[in-house]
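Examination of the molecular architecture
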Amino acid sequence: MLNIRQTTVYRGPNIWARMPVIHYVLDIGELEDRPTNRIPGFYEHLTELIPSLYDHGCSLGRPGGFLQRLREGTWMGHVLEHVALELQNLAGAEVARGKTRQAGERGVYNVIFQYEQEDVGLAAGALALRLLNHLVYGSEPDFDFVHEHEEKVIKLAERFAYGPSTGAIVHEAHRRGIPVLRLDSRRSLVQLGHGKYQRRIWATVTSETANIAVQVASNKELTNRLLHEIGIPVPRSQIVQSADQAVSAAARLGYPVVIKPLDGNHGRGVFVNLADEGEVREFYDSAQAESRNGQIIVETFIPGKDYRILVVNNEVVAAAERVPAHVIGDGEHRVQELIDLANQDPRRGVGHEKILTRITVDSQTMEVLERDGRTLETVAQDGEFVQLKLTGNMSTGGTSIDRTDDIHVDNIEIARQAAMVVGLDIAGIDLITEDISRSVREHGGGICEVNAGPGFRMHTHPTEGHPRHVGRAVVDMMFPQGEPTRVPIVAVTGTNGKTTTSRMIAHIMKTSGKTVGLTTTDGIYIDGTQIMAGDMSGPTSARMVLKNPTIDYAVLETARGGILRSGLGYDRCNIGVVTNVSGDHLGLKGIDTLAGLARVKEVVPASVLRDGASILNADNEWTVQMTRSARGEIIFVSMDEENPVIRDHIRQRGRAVLLKQTRQGEMITIYESRRETSLLLASQIPATYEGRVRVNIENAMSAAAAALAADVQLDYIRLALRTFSSSFYQTPGRFNLLDYGNKRIVMDYCHNVAGLESIADFVKRMEADATMGVISIPGDRSNDDMRAFGELAGKTFDRIIIREDNNTRGRARGEIAGLLKEAVLSTGKPSDEVDVILDELEAAKQGVERASKGDLVVLLVDKPVAVWEMLTGDRPQ
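Within each chain, residue numbers correspond to sequence positions counted from 1 in written order. Totals for whole chains, interfaces and linings use every residue, but because this is a predicted model, local features are given only for residues with pLDDT of at least 70 and side-chain atom pairs only at 80 or more, for both listing and counting. The side-chain numbers reported here are obtained from all heavy atoms of the structure, hydrogens and water having been left aside.

**Some remarks on the overall build of the protein chain**
Helix and strand labels come from DSSP, where a helix needs a run of H or I of at least four residues and a strand needs a run of E of at least two; each type is numbered from the N terminus. When you go through the protein chain residue by residue, the secondary structure sums to 30 helices and 38 strands. Principal axes of the C-alpha set define a box for the protein chain whose edges measure 110 × 70 × 55 Å. Relative to its 877 residues, the protein chain shows a buried fraction of 56%. Excluding contacts between residues fewer than 6 apart, the proportion of contacts in the protein chain whose partners are at least 24 apart in sequence is 66%. To measure how exposed things are, a 1.4 Å probe is used in the Shrake-Rupley method; for residues, cover is taken only from the protein chains shown. Accessible area of the protein chain: about 36200 Å², with a carbon and sulfur share of 46%. For every residue, the accessible area (1.4 Å probe, protein chains only) is compared with the maximum for its type, and the residue is labelled buried under 20%, exposed over 50%, or partly exposed between those bounds. The contact definition used throughout considers only heavy atoms, calling two residues in contact when any of these lie within 4.5 Å.

Written out as structure tokens, the structure reads:
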């Protein structure tokens, strides 16, 4: 049996693709020895059930390519990929990307396939698995594939899909490269754009739609009066609150009349062409039932056809003739049977979920049929038009004919003015006239309604005529060509230095006048104010920042875990920074080698926009290799001016940030087109402690390179770096130095060997009388990593206290400390200079108390805030 061992849903760019995909680890078992050409009947049964698989070109790049692979013999992981894609397409999605690769273990495959809606993609994958198991093993004797697809995939897709109106706008936003964030998966509330540039839509109501305009449009009597006062032809009308008042108003206005709710919409409760008092009384209660405030409007009936004119940003962009719900007789079937046949049209659905709405039989239907001398049992003549509703609303089953090219210029101007009088940015103007190609001022007719939030489907999917791309007009209104839609995003990844580099970049951007949204392992910050605490370096936190309407710049620390868990929280970034790649987290989530870890980090530079920049560390072999997939301009940083990578890059007129030895000292130097520009001395950056913290020099260079790529003025970069310190309040847990009486304390969130190497270099440069190290390492690191960490600590510190984090990540209490102690002692360290105190706060306290005058105490912390508060509360004056 085929078995899915693991499922991962990536919601952004990831290690497999630059788009949202679902990843299965699939075990095909004994089918590793039975490709598809060796399974009797498999090809025939599969293609009979899903004939549209013919459209899949696969690696052959032509229709029928995948079927050829099936006939020649391919493996079940590959088949699952294609079936999962096609089941989504049959449900209305447009997905085509996938890949299947061996996972290293015999019979186990990585199967990756694209999705549009997450729930639909998962349902399609699950059904594909069931189908293949059934075809190969007969696992479900009563398996009804067609029914299961309808119930498990198609209906789910219909429930979660954008409606036609929202979909038209979203499709155009995607075409223009505007970010789209769905804010409510079950409704049509959508954010277009990021940060301060964002706009929102709720179906066809935009964030720019004036509430006063919506209120005016919902009051039909007020709308008619405002239009009449500027000379736009409208029916005469009167508001009533009882059937008797309606009859009196109808007599005064003159029959025939229309009655409808004063605040109604979608054609509900509208009854037209009422010829006498009896009909007014008959339909009054039905109209009142659709009114929220109980008020009804009676107006004169305008004969003619029903047209909807769409006005966007005071311009007519489409017009359609609306035809009431109807069926055409065939001389054989009863009216009810004709309705049932019409509702079988796959274009018809419930409400606004599809381009047409199913026709319902209600009291209005019965009345219309009765007026025409018919019933549901009537057999209409062949070709006979049988009307079923009074109005042509799409929501009641009507159809549409595109008339955009036919509309008379006078009618265009009347519609424009109507939208402007009401004040709507998007308006649906209902015009009644015999022929829209003739002026209503000369040949009669008028506007009967102005609608806020009009539906688009009669224009995007007319039953007859050309579809109109009305979503483009809306997006152009909200985002005129040339105006920004995205806030610049700087994404920072790497093994060490991510948080400090992110903070440095954010500080530079804030200094240059930006309102920055920042995510780090410490929390989320908006314009320097922390709004959430904790590890916020994943995709969910990134999306939180990009939804914030105040920011105009985003700096997003992007950690390994989030990339592996669900991909990036953004589709593209302007600048990608990779600080370094070194051994950490190996053995977790299938990443066992440095090459595998580099592949994870590589997702960030691979997601850079083409006109952006990738900032890479030329001193790290793994980041240098990322040039093969990094997008945008490559800007290298290096601490070694003799590095051949950096020298070749500069020779080829590439930009770089380099640490150069000068007579003044170590100078951070910018190279552009072989031209040198001195930025500032490394010792002038407070966070480097006069150049002793080498890793912060490197971090500062990466930050400077990112700012350079963003065209920040050099004076702002200099000022920001000169005012960036490693104080607890600016970078908590990152090389925080504290004078504690006659001792010096360094607190750092060091958690791997590479980080400890930086600490060791700093300790050596501090030239302290003696050193005390309070150390630990997270429990999810390998035993080999723990031994290497302990051995390095034993060579670095004179005395050591070993502690453990509260969360030992699956290890028994004391196991981590035991491994570290064994490694420390293996370096020849006397046992009386090594102690174990498992509690973090007590270990820190003892480390400080046991240190002597002039000693340097290094605290490797997991909870920097708690340790800092303890130390500063007890600090000698």
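**Comments concerning the nonpolar core**
Soluble globular proteins tend to pack their nonpolar side chains together in the buried interior. Ranked by size, the top nonpolar core spans 47 residues in total, and within it I15, A554 and Y570 carry the most contacts. Leaving out residues up to four positions away in the same chain, Y570 has contacts with P13, I489, A491, A542, L546, L556, T558 and V604. One finds I39, L46, L80 and V83 within the second-largest nonpolar core, a separate group that totals 46 residues. We define a nonpolar core as any set of buried Ala, Val, Leu, Ile, Met, Phe, Trp, Tyr and Cys residues linked to one another through side-chain atoms lying within 4.5 Å.

**Description of the sheet that holds strand β37 (residues 834–836)**
Sheet strands pair via backbone hydrogen bonds, and the direction of the pair is either parallel or antiparallel. Two strands pair under a simple rule: DSSP has to find at least two bridges between them. Pairing within the open sheet is mixed, and its 6 strands lie in the order β33-β34-β38-β35-β36-β37. At either margin of the open sheet sits one strand with a lone partner, and together these are β33 (736–740) and β37. Recorded for the sheet is a direction-independent mean angle of 15 degrees between the axes of neighbouring strands. Relative to strand β36 (residues 799–802), strand β35 (residues 771–775) is paired through 4 bridges, and the arrangement is parallel. Pairing of I775 across the sheet is with I802, part of β36. Here the axes come from fitting lines to C-alpha atoms, over the contacting stretch only for helices, and the angles between their N-to-C directions go from 0 to 180 degrees. Sitting on the sheet, helix α26 (residues 753–766) touches β34 (743–748), β35 and β38 (856–860), and the angle it makes with β38 is about 170 degrees. Running over the sheet, helix α28 (residues 815–825) touches β35, β36 and β37 and is turned about 180 degrees from β37.

**Considering unusual backbone geometry**
Residues Y255 and P256 are joined by a peptide bond in cis, for which omega reads -5 degrees. Along the polypeptide, P256 turns up in the loop between α9 (243–253) and β10 (257–261). The backbone of N273 shows a phi angle near 55 degrees, a positive value even though the residue is not glycine. Of note, N273 is situated in strand β11 (residues 271–274). For D711, which is not glycine, the phi dihedral falls at a positive 60 degrees. You can see D711 is positioned in the loop between α24 (694–709) and α25 (714–722).

**As for a nonpolar patch on the surface**
The grouping of I531, M532 and M544 at the surface amounts to a nonpolar patch, some 250 Å² of accessible area in total. Within the fold, I531 resides in strand β25 (residues 529–533). In this analysis, a patch consists of residues with relative accessible area above 30% that form no salt bridge, clustered at 9 Å for like charges and at 5 Å for the nonpolar side chains Val, Leu, Ile, Met, Phe, Trp and Tyr. When a carboxyl oxygen of Asp or Glu lies within 4 Å of a side-chain nitrogen of Lys or Arg, that pair is called a salt bridge.

**Side note on the packing of aromatic side chains**
Within 6.5 Å between ring centres, the rings of Phe, Tyr and Trp (the latter by its six-membered ring) count as paired, and their orientation is classed by plane angle as stacked under 30 degrees, edge-to-face over 60, tilted in between. Tallied over the full model, the rule gives 7 aromatic pairs. Here the aromatic rings of Y689 and F762 are separated by 6.1 Å at their centres, their planes lie at 45 degrees, and the arrangement is tilted. Taken together, the residues Y689 in the loop between β32 (675–681) and α24 and F762 in helix α26 connect sequence positions 73 residues apart. The burial state of Y689 is the same as that of F762; both residues are buried. Where F728 meets Y729, the ring centres are 5.5 Å apart and the plane angle is 85 degrees; that geometry is what we call edge-to-face. Judged by relative accessible area, F728 falls into the buried class, the value being 10%. An aromatic cluster is defined as three or more aromatic residues linked by ring pairs; in this entry it consists of Y689, F735 and F762. Placement of a positive charge over a ring is assigned whenever Lys NZ or Arg CZ falls within 6 Å of the ring centre and within 35 degrees of the normal to the ring plane. Here R182 stacks its cationic end above the ring of Y162, 4.2 Å away from the centre of that ring.

**Let's talk about the sheet that holds strand β12 (residues 296–300)**
If you walk across this open sheet you meet the 4 strands as β9-β12-β10-β11, and the pairing is antiparallel. What marks the edges here is a single partner per strand, and that holds for β9 (237–240) and β11. Along the sheet, successive strands turn relative to each other by an average axial angle of 20 degrees, direction set aside. Across the face of the sheet, α9 comes into contact with β9, β10 and β12 while running at roughly 170 degrees to β9.

**A word on empty space enclosed by the protein**
Buried and open spaces are told apart on a 1 Å grid over the protein atoms alone, a cavity being a set of points where a 1.4 Å probe fits but cannot get out and a pocket being an open set with protein on both sides within 12 Å along at least five of seven lines. Residues with an atom within 4 Å of a point are the lining residues. Grid points are joined across faces, edges and corners, and a volume is the space filled by probe spheres set on the points. Summed over all chains, the structure comprises 3 cavities of 30 Å³ or more. Estimates place the volume of the largest cavity at around 70 Å³. Lining the largest cavity, in full, are Y749, C750, H751, S776, I777, P778, R803, D805, R809, L860, V861 and D862. In the scheme used here, Gly and all other residues not listed as nonpolar or charged are polar, with Ala, Val, Leu, Ile, Met, Phe, Trp, Tyr, Cys and Pro taken as nonpolar and Asp, Glu, Lys and Arg as charged. Grouping the constituent residues of the lining of the largest cavity by class yields 6 nonpolar, 2 polar and 4 charged. Each pocket or cavity is described by its volume, and for the second largest cavity that value is around 50 Å³. Residue lining of the second largest cavity: 13 residues in total, with S537, G538, P539, T558 and G569 positioned closest to the centre. Mapped by element, the contributors of at least two residues to the lining of the second largest cavity are α18 (539–547) and α19 (560–566). Considered class by class, the residues forming the lining of the second largest cavity number 6 nonpolar, 6 polar and 1 charged.

**Digging into the packing of helix α4 (residues 118–137) against helix α5 (residues 145–160)**
Relative orientation and spacing of two packed helices are given, respectively, by the angle between their axes and the distance between those axes. Running from N to C, α4 and α5 point in directions that differ by 170 degrees, and their axes come no closer than 9 Å. Comparing their axes, α5 and α4 come out roughly antiparallel. Between α4 and α5, the residues in contact are D119, V120, A123, A124, L127, R130 and L131 and F145, E148, H149, K152, V153, L156, A157 and F160, respectively. Angle categories: roughly parallel below 35 degrees, roughly antiparallel above 145, roughly perpendicular from 65 to 115, and oblique for all the rest.

**Focus: the environment of G167**
Within the fold, G167 resides in helix α6 (residues 164–175). C-alpha separation for the pair G167 and S673, spaced 506 residues apart in sequence, amounts to 46 Å.

**Some details on helix α27 (residues 783–796)**
For an α-helix, 3.6 residues make a turn, and residues three or four places apart therefore share a direction. Expected helix span is given by 1.5 Å per residue-to-residue step, counting one fewer step than there are residues. Counted at 1.5 Å a residue, the expected span for α27 with its 14 residues is 20 Å, and the 20 Å between its end C-alpha atoms agrees. Looking only at α27, the buried set comprises D785, M786, F789, G790, L792, A793, G794 and T796.

**Description of the side chain of S165**
Mapped onto the fold, S165 is located in helix α6. Engagement of the side chain of S165 in a polar contact is seen with the backbone nitrogen of F456, the distance being 2.8 Å. Pairs of N or O atoms are called polar contacts if they sit within 3.5 Å, as long as, within protein, a hydrogen donor faces a hydrogen acceptor (for residues adjacent in sequence, only side-chain-to-side-chain pairs).

**Let's talk about the pattern of salt bridges**
Evaluation of the coordinates by the stated rule reveals 59 salt bridges. The partner of E299 in a salt bridge is K260, and the shortest N-O contact between them spans 3.1 Å. One end of the pair, E299, is in strand β12; the other, K260, is in strand β10, with 39 residues separating them in the sequence. Measuring nitrogen to oxygen at the nearest pair gives 3.2 Å for the salt bridge that ties D306 to R322. Here the residue D306 occupies a position in strand β13 (residues 305–312), and R322 occupies one in strand β14 (residues 315–323), the gap between them amounting to 16 residues. Its relative accessible area of 15% is what places D306 among the buried residues.

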